[in-house]
Amino acid sequence: MGKPTLWLALLSTIAFGLASAMDDYQPQQVHLSIGENNADIMVTWVTPSFINSSVVEYGTSNLALSATGNATLFTDGGSLKRQMWMHRVRLTNLTPDTRYFYHCGSDVGWSEVFTFKTWPAGNDWVLRTAMYGDLGVVNGKSLGRLQQDITKGMYDVIIHVGDFAYNFETEDAQVGDEFMRNIEPIAGYVPYMTCPGNHEEAYNFSNYKARFTMPNYEVTENMFYSWNAGPVHFIAVNTEAYYYLQYGIEPLYYMWQWLYNDLTEANKTENRSEHPWIILYGHRPMYCSTRDGDDCTHPLCRTRVGIDDNFAMERLLNDFGVDLVVWAHEHTYERLFPVYDIKVLNGSEQAPYTNPKGPVHFISGSAGCQEDTDRFIPDPPEWSAFRSSDYGYARLTVYNVTHLYWEQVSDDKDGAVIDSAWLIKDSHAPYSELYPELYPELHAH
């Protein structure tokens, strides 16, 4: 009786070893992002071991098409120096408004089959997105509802405004792996666009830089970039460059100079007519009324006024007519009235968001993590229009060149919409051009 038992144990050990070896080559953490233009999609995935092949097979009815890419080695900065291979493949010249099927991997292991739908051609279509920040592995409250939304086909793109996993590097980056597996049911089906937050800082943001593939990532390493969707020019910024100065002032200088140039280009007549809405997103807000002493609670917030009279980002928002700004970091939801230089600039008392005279800010940083939500100071400032400490996330729908709709979903209230607003603009241009009578006084100080 002993020998058969011994053989069974040996066979079980061998089978387990083979399965573990196969797992090393099996694609995981599959996610999409928009490419350098709207006809391109980037597919990114991870394998624990090196494979000399990075392939995506895809097509509209079968997997008849094929594209190849490359794999790069990433070594986590933790004590184990864990290594993994990041695979990237670009799908080019895709047909607009078309459903594609795809899987990724190689002859030694393929992912499951995913699907995505390309965006319509041109700019005259309704853009639907979810936006949120601060989503972790533990207490990731919004994850299940977002996964449900994706199965219903509710979004064209997802925008994650910083702070992932809590944290990518925890447990030698195994928490980062778990988070990327958790978002695969979302990010494997629609482009998942990102920007860095403070929780990505470890080892000079190395996990964040390695795990995603945003436009122009070869140059800016996913830290800042811009992209277009329908009538919108989106801009992702790295607010952390204002705070982690141990990495030098150069990251802030290059980002700010790039931002100035990007906004200049976006405001050229031919570009602003194609993409009249300019929406900027970054992790740390310029304004907030939370009770935690964060920089956004202070009048001289760095992202707003800069450092030593340099790199003042709010001035750029005004000077280049940025329409909407979306932040996270505060584990709350807060909608602001149109504001510039701490002054409320409503379109009118009855309709503050119809032709506002300054940029509109929203904060949606309560998607869920182990740090719980934040609380507010008792009396809201004049510029604060609505506040909630519920867990949840935002939905943004851009209907056309004049109408944009925003709403906040509460997970605490079973998916109820707890706040909403229409942003209506007849013209998109620098505010000093639209309202010259206001801005000489504001710029004087």
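Structural data are supplied above this passage.
Residues numbered from 1 in each chain as written. Predicted model: local features only at pLDDT ≥ 70, side-chain atom pairs only at ≥ 80, totals over all residues. Heavy atoms only, no water.

Student: What am I meant to see in the state of the cysteines here?
Tutor: Joining two cysteines, a disulfide is a covalent bond between their sulfur atoms. According to the stated counting rule, one finds one disulfide in the structure shown. Between the sulfur atoms of C288 and its disulfide partner C296 the distance amounts to 2.1 Å. Taking the sign of the torsion about the S-S bond as the criterion, the disulfide between C288 and C296, at about 80°, is right-handed. As far as burial versus exposure is concerned, C288 and C296 are alike and both buried. With no disulfide of its own, C301 lies closest to C296 among cysteine sulfurs, the gap being 6.2 Å. (Disulfide = S-S within 2.5 Å. Buried < 20%, exposed > 50% of the residue type's maximum accessible area, 1.4 Å probe, protein only.)

Student: Looking at this model, I keep getting lost on the pairing of strand β19 (residues 333-336). Mind explaining?
Tutor: Remark: a regular strand shows side chains that alternate across the two faces of the sheet. Neither face of β19 is left uncovered, since the one carrying Y333 and R335 and the one carrying E334 and L336 both have all their residues buried. One ladder, built from four bridges, connects β19 with strand β23 (residues 384-388); its direction is antiparallel. In the strand pairing of β23, R335 is matched with F386. (Helix = DSSP H or I, 4+ residues; strand = E, 2+ residues; numbered from the N terminus. Pairing = 2+ DSSP bridges.)

Student: Can you help me understand the packing of aromatic side chains in this one?
Tutor: By convention here, two paired aromatic rings are described through the distance between centres and the angle between planes. All told, the structure shown has 30 aromatic pairs when counted by the stated rule. Judged by centre distance (6.0 Å) and plane angle (55°), the ring pair of Y333 and F386 falls under tilted. In this pair, Y333 is assigned in strand β19 and F386 in strand β23, connecting sequence segments 53 residues apart. On the numbers, 5.0 Å between centres and 50° between planes, the contact of Y405 with W422 is tilted. With Y405 in strand β25 (residues 403-410) and W422 in strand β26 (residues 416-424), this residue pair connects regions lying 17 residues apart in the sequence. The exposure class of Y405 is buried, given its relative accessible area of 18%. Here a set of aromatic residues connected by ring pairs shows up, and it is made of Y58, Y100, Y102, F114, F116 and Y189. (Phe/Tyr/Trp six-rings, centres within 6.5 Å; stacked < 30°, edge-to-face > 60°.)

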